[in-house]
Amino acid sequence: MRPGDKVICVNDKIDPDKNEEIRRDFEIWITKDKEYTIREILDNNGIVTGVLLDEVHNFPKFFKLINRFQEPAFAIWRFRKLNYATAPAEAVSEVEELVEVNKEELVKSK
């Protein structure tokens, strides 16, 4: 995954023992099955990779674990990258060429 990728939330569950902490750190939480766009990926000092999303903005907080202020990031494992069925331009032009060739062969065969 990288910034600009479309992702879908596959897990919005909050462990009951972390509920208070999550509610304190995140004003806005994610929703399962909703699509988002990755704005930034944070490695969080190697503790857990997190993502910031275009559609969600939370106020920066101080996190003792990483010893800095930052916008709270959502764990990357909560998302799956979406792969839309879009073909690169060169693949589209090859398909168009094949269609033209098939049309010509069809005309010749008549």
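To be clear, the structure that these remarks concern was listed above.
First, a word on what this report is: a plain description of the structure on this page. (Residues numbered from 1 in each chain as written. Predicted model: local features only at pLDDT ≥ 70, side-chain atom pairs only at ≥ 80, totals over all residues. Heavy atoms only, no water.)

Moving on: the pairing of strand β2 (residues 35-42). As paired strands, strand β1 (residues 6-9) and β2 are joined by three bridges and run antiparallel to one another. Within β2, the residue paired with Val-7 across the bridge is Tyr-36. Sheet analysis places β2 next to strand β3 (residues 50-53), joined by four bridges and oriented antiparallel. Looking at the pairing, Leu-42 lines up with Gly-50 of β3. (Pairing = 2+ DSSP bridges. Helix = DSSP H or I, 4+ residues; strand = E, 2+ residues; numbered from the N terminus.)

For the structure shown, the criterion picks out five aromatic pairs. Centroid distance Phe-26 to Trp-29: 4.9 Å. Interplanar angle 85 degrees. Geometry classified as edge-to-face. For the pair Phe-26 and Trp-29, a shared accessibility class is recorded, and that class is buried. Clustering of aromatic rings is evident, with ring pairs tying together Phe-26, Trp-29 and Phe-74. (Phe/Tyr/Trp six-rings, centres within 6.5 Å; stacked < 30°, edge-to-face > 60°. Buried < 20%, exposed > 50% of the residue type's maximum accessible area, 1.4 Å probe, protein only.)

Within the fold, Arg-39 resides in strand β2. Judged by its relative accessible area of 25%, Arg-39 is partly exposed. Taking the C-alpha atoms as reference, Arg-39 lies 8.7 Å from Glu-55; in sequence the two are 16 residues apart. Non-local contacts of Arg-39, meaning those with residues more than four positions away in its chain, are made with Pro-3, Leu-52, Leu-53, Asp-54, Val-56, His-57 and Glu-71. (Contact = heavy atoms within 4.5 Å.)

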